[in-house]
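Close look at the chain arrangement
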Amino acid sequence: PGGLVYDVVIIGGGPAGYAAALYAHNYGLNTALVEKDDVGGTCLLRGCIPAKAWLQSAEVFTTVAKAAEFGVQSSEPTFDWGTALARKQKIVDGLVKGLSGLLKQRKVDVINGFGRLDGPNRVVVNDGEQVLEANNVIVATGSVPRTIPGYDFDGVRIVSSDHALDWKARPQRVAIIGAGAIGCEFASLLADLGSDVTLLELMDQIVPGADAKAARELQKHLKRRGVKIKTGASVAAPTITDAGVTVPFGDASVEVDVVLVAVGRAPVTEGIGIETTSVQVDRGYLGADLTTMQTSQPGVYAVGDLLAGTPQLAHAGFAEGIAAVTHIATGTAAGPDYRAIPLVVYTHPEMAEVGLTEAAAVDQGYEVETHSHSFLGVGRAQISGQNQGMVKLVVQKDGPI
């Protein structure tokens, strides 16, 4: 407005974008944040926060159902889906309001609208409604759920995680395609609440890329709670009727009420004006120097889910946003150490890892030794009734202590 040139304009108000906006205040940078939705991004609006709210409700339900094991007598619990849905939304709305207040307090100009680049130093909002001049632009437009051929989202029979977080009632029979973190979390949640769940994964293990032993342990516990798991399962096009959906895989098929497609997330970079810059694009992902987050176009930075070759995790995006602002303000390369970024799958039981898996360490030429320890002998695990699990350490042989 009024010919003002911002030090930083950020396109996208998710964890990577809002972290950059908040951190820019520390350096006195004049900052604008362009967001077409509420601030908070996938994590707050359609991802981590609402999913974990649902998972917490399921955990309370299962805890009460097993209360007698702890000497607490109660009638058999029932689950009020509408109350849990309302609680989820209240949590999300409260955090959005808090984040909006924090951005205002840090003097960030939050502009509601669709932002796109028009060259490296200009951001156009809503096709020309506003034009923002910027010394630096941080692109943080995030990602959306992917689908597969034949499984176009209709929000009723074929749904994404976005749809599933707002189901008005619990679906009785669900097929989940994709057993990554999102697929496994929904399988765990729905199984705990009484749904009939089939989990289909193309790769030979659930949570592909995770430690094989940990993945087998999680699979064992999900199966024990009734989840039917098929790995190495390639699905064909479904048959959709008024009665439900038939999903063929291999020589078999399953009939369900709804199919949740959880095969990963695609970067949102189409239509945001990347072609007006020299930023390198690979299959929709943006390339950047991961020590500074600067792209091949000086003054244009990329952070978050749209980056090529980095984990699509909120806390990774947060660190990337801070690194981008640090480079803009000081010239210092302060990119995150991706080896130290943890991955957590909030199933029941949870699965978490940090660092290299055994397979990845061997692939990188390390000579390793491994140590596994069962939770069976851990007093705290026995007391909490969560002693069915293990911890595995992968260490470099004769390496640093």
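An account of the accompanying structure is given in this report. (Residues numbered from 1 in each chain as written. Predicted model: local features only at pLDDT ≥ 70, side-chain atom pairs only at ≥ 80, totals over all residues. Heavy atoms only, no water.)

1. Let's talk about the overall build of the chain
To be explicit about the condition: A run of DSSP states H or I qualifies as a helix once it reaches four residues; a run of E qualifies as a strand once it reaches two. Both are numbered from the N-terminal end. The globule rule used for comparison is 2.2 Å times the number of residues to the exponent 0.38, while the radius of gyration itself is calculated over C-alpha atoms. For each residue, the accessible area found with a 1.4 Å probe, counting protein chains only, is set against the maximum for its type, and the residue is called buried under 20%, exposed over 50%, and partly exposed in between. Two residues qualify as a contact provided that any one of their heavy atoms is within 4.5 Å of a heavy atom in the partner residue. Note that accessible areas follow from Shrake-Rupley with a 1.4 Å probe, and for residues the cover is restricted to the protein chains shown.
Of regular secondary structure, the chain possesses ten helices and 23 strands. Taken over C-alpha atoms, the radius of gyration comes to 23 Å for the chain, in line with the 21 Å a tight globule of 401 residues would show. For the chain, the C-alpha atoms occupy an extent of roughly 65 × 60 × 45 Å along the three principal directions. In the chain, which comprises 401 residues, the proportion classed as buried is 43%. Nonlocal contacts in the chain, meaning residues at least 24 apart in sequence, comprise 62% of its contacts between residues at least 6 apart. Total accessible area computed for the chain in this model is approximately 19,500 Å², and 52% of it derives from carbon and sulfur atoms.

2. Let's talk about the sheet that holds strand β8 (residues 158-159)
Spelled out, the test is: Only strands joined by at least two bridges in the DSSP assignment are considered to pair. Whenever a helix is involved, its axis is fitted only over the stretch in contact; in every case the axis is a line through C-alpha atoms, and angles between N-to-C directions fall within 0 to 180 degrees.
Read across the open sheet, the five strands follow the order β8-β15-β9-β10-β11; overall the sheet is parallel. Each edge of the sheet is formed by a strand with only one pairing partner; in this case those strands are β8 and β11 (228-231). The pairing of strand β9 (residues 173-177) with strand β15 (residues 258-261) spans four bridges and is parallel. The residue of β15 that forms the bridge with Val174 is Val258. Contacting β9, β10 (196-201) and β15, helix α6 (residues 181-192) crosses the sheet at an angle of about 165° to β10.

3. Description of the packing of aromatic side chains
Let me state the cut-off plainly: Centres within 6.5 Å are what make two rings of Phe, Tyr or Trp a pair, Trp counting through its six-membered ring; a difference in plane orientation under 30 degrees is then read as stacked, over 60 as edge-to-face, and the rest as tilted.
If you walk through the whole model with that rule in mind, you get five aromatic pairs. Summarising the aromatic geometry, the rings of Phe79 and Trp81 are spaced 6.1 Å apart at their centres and angled 70° between planes, so their arrangement reads as edge-to-face. Judged by relative accessible area, Phe79 falls into the partly exposed class, the value being 26%. By relative accessible area, Trp81 is classed as buried at 8%. Each member of the aromatic cluster is reached from another via a ring pair, and the members are Trp54, Phe61, Phe79 and Trp81.

4. Considerations on helix α8 (residues 314-330)
Worth spelling out the cut-off: Given a helix with a known number of residues, its expected span is that number minus one, times 1.5 Å.
Look at α8: 24 Å from first C-alpha to last across 17 residues, which is about the 24 Å you get at 1.5 Å a residue. Those residues of α8 that fall on the buried side of the exposure criterion are Ala316, Gly317, Glu320, Gly321, Ala323, Ala324, Val325, Thr326, His327 and Ile328. Buried residues along α8 sit in contact with β1 (5-11), α1 (15-24), β6 (130-139) and β19 (300-302). At the exit of α8 stands Gly331, carrying a positive phi of roughly 80°.

5. Looking at the nonpolar core
Our working rule: By nonpolar core we mean a set of buried residues, namely Ala, Val, Leu, Ile, Met, Phe, Trp, Tyr and Cys, connected to one another through side-chain atoms within 4.5 Å.
Within the largest apolar cluster, 48 residues are counted, with the highest numbers of intra-cluster contacts made by Val9, Ile10, Leu103, Val123, Leu132, Ile138 and Val139. With six residues, α1 is the single largest residue contributor to this core. Apart from residues no more than four positions distant in its own chain, Val9 is found in contact with Ala32, Val34, Val123, Leu132, Glu133, Ala134, Asn136, Val137 and Ile138. Counting 38 residues, the second-largest nonpolar core is a separate cluster that includes Ala84, Val174, Leu190 and Ala214.

6. Details of the environment of Gly194
Inspection of the secondary structure assignment puts Gly194 in the loop between α6 and β10. The class of Gly194 is partly exposed, set by a relative accessible area of 40%. Gly194 sits 54 residues away from Pro248 along the chain, and the two C-alpha atoms are 24 Å apart.

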